Amino acid sequence: MLNHQQVDTPAWIVHPEIKSDVSRREADAALDEAKALADALPGLDVLGAEIVRLPKVHAGMLFGSGKVQELKERITAHGVKLVLIDGALSPVQQRNLEREWGVKILDRMSLILEIFSDRARTREGVLQVEIAALSYQRTRLVRAWTHLERQRGGFGFVGGPGETQRENDRRAIDEQLLRLERQLEKVQKTRALHRAARAKVPYPIVALVGYTNAGKSSLFNRVTGADVLAKDQLFATLDPTMRRLTLPDGQEVIMSDTVGFISDLPTQLVAAFRATLEEVLEADLILHVRDISHPQTAQQARDVMQILHQIGVPEDAPMLEVLNKIDLLDEAGREAFQTEAARKDAKIAVSALTGEGVEALLAQISAALAPPFLIEDLRLPHTAGKLRAWLYAEGVVEGEVRDDFGMTLSLKWTQVQSARFNKMRDGMGKAE
């Protein structure tokens, strides 16, 4: 991790656009996201960012020799100390580029790990990030292993002493991994007990998911009155937060805010945070929060759905799509998304900032979580005045027909209401 008391590290961002990569993202949008990732890590002074188009990957240094020399001249001229490569680097490529340019290199995975290390607050979050980092570094033994010896945050990718020292002892890493996994298992057992205790109270779980910076935490704060950190920054919140919420129909639910997703989220992090995302797997309803003001909102939505499927969320899971940040759209754009949401029951357009559409969202959550209704006729004698009054007070009577022998009530009620009524009627019979 960077020393926040030192002068910010001069950095340069390079996004390699590889022609042969059919799954590649739009280059300008990818570069903007790389800049946002760099802004999310304290201690960096980004002096420049560029797209480098490559017909193919060069095994030794990713780039061809001419491009390596051109970038070296630019890096030297600007006094750059750290280069962020927005993509995956092999250990050999990373080592060769560091030697050629005389600077530290950080690939996309390492950068995200640094950000997660800086953001993790709970014991579980810290352990998960450390496990993900060790699992990643285990395959990259050309790098130094000074972070195994330090008892401070971060992983030594960006700064700190000992970058030239090599430690190739995989056994040390495996022992560290085993120790961390045992600690994480204890933490997760405790959380499982808490989840079991919650399960005894029949509160449905509503889980917020979405691309990082889509406004999940702002929406969470708006509807629950919580004060979760909500910044215009990637991965502003990492550890999940849960709050109880009373819906307009009186139903109580547990709402959970989760870590934001990102395109090409490293598989090690998907695996590491699977336990944290168990709340999503067990959710009664998922709210997929989208930043519909973002130019890549459709691609971001696809990335989120891909990760949800990776962690085991079925395609038919109950889900509402929340089109957030309509306040940032012009009038025509806002009307288009509001019209789209009005045509589809599983979509709702909102602004977490202004509160527009939030009441309608809560109503949709209530409807989605409403228990199934029983439609039936109930025969009561004229003397059952208290039972009749209770049914009307519950608002479950759809119609009533009287005759000389009693009354027939047409009811629309839940299984819970039916059970409560039968218990009350049985109690009255015993009292008589």
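Residues numbered from 1 in each chain as written. Predicted model: local features only at pLDDT ≥ 70, side-chain atom pairs only at ≥ 80, totals over all residues. Heavy atoms only, no water.

**Overview of the overall build of the protein chain**
- When you go through the protein chain residue by residue, the secondary structure sums to 14 helices and 13 strands.
- A buried classification covers 49% of the 432 residues belonging to the protein chain.
- Long-range pairs, those at least 24 residues apart, make up 69% of the contacts in the protein chain with a sequence separation of at least 6.
- Accessible surface for the protein chain amounts to roughly 21400 Å². Of this, 51% is attributable to carbon and sulfur atoms. (Helix = DSSP H or I, 4+ residues; strand = E, 2+ residues; numbered from the N terminus. Buried < 20%, exposed > 50% of the residue type's maximum accessible area, 1.4 Å probe, protein only. Contact = heavy atoms within 4.5 Å. Areas by Shrake-Rupley, 256 points an atom, 1.4 Å probe, with all protein chains shown as cover.)

**Section: the sheet that holds strand 12 (residues 397-403)**
- Strands sit in the order 11-13-12 across an open sheet of three strands; the sheet is antiparallel. Edge positions in the open sheet fall to strand 11 (373-380) and strand 12, since each of these has one partner strand only. Taking each pair of neighbouring strands and ignoring which way they run, the sheet shows an average axis angle of 15°.
- As judged from the six bridges shared by strand 12 and strand 13 (residues 406-414), these two strands associate in the antiparallel manner. Each bridged residue has a counterpart across the sheet, and for glutamate 400 the counterpart in strand 13 is leucine 409.
- Where helix 13 (residues 385-394) meets the sheet, its contacts fall on strand 11, strand 12 and strand 13, and the angle it forms with strand 12 comes to roughly 155°. (Pairing = 2+ DSSP bridges. Axes fitted to C-alpha atoms, helices over the stretch in contact; angles between N-to-C directions.)

**Observations regarding the packing of helix 2 (residues 65-77) against helix 3 (residues 91-101)**
- Running from N to C, helix 2 and helix 3 point in directions that differ by 50°, and their axes come no closer than 10 Å. Considering the angle they form, helix 2 stands oblique to helix 3. Here the hand of the crossing between helix 2 and helix 3 comes out right-handed. Across the interface between the two elements, Val68, Gln69, Leu71, Lys72 and Ile75 from helix 2 touch Leu97, Glu100 and Trp101 from helix 3.
- A class-by-class count of the residues in the contact of helix 2 with helix 3 yields five nonpolar, one polar and two charged. (Parallel < 35°, antiparallel > 145°, perpendicular 65-115°, else oblique. Left-handed = near helix turned anticlockwise from the far one by under 90°. Nonpolar A, V, L, I, M, F, W, Y, C, P; charged D, E, K, R; others polar.)

**Observations regarding the packing of aromatic side chains**
- In this structure the tally under the stated criterion is three aromatic pairs.
- Linked through ring pairs, Trp390, Trp413 and Phe421 together constitute an aromatic cluster.
- The residue whose ring lies beneath lysine 412 is phenylalanine 373, and the NZ or CZ to ring-centre distance is 5.0 Å. (Phe/Tyr/Trp six-rings, centres within 6.5 Å; stacked < 30°, edge-to-face > 60°. Lys NZ or Arg CZ within 6 Å of the ring centre and 35° of its normal.)

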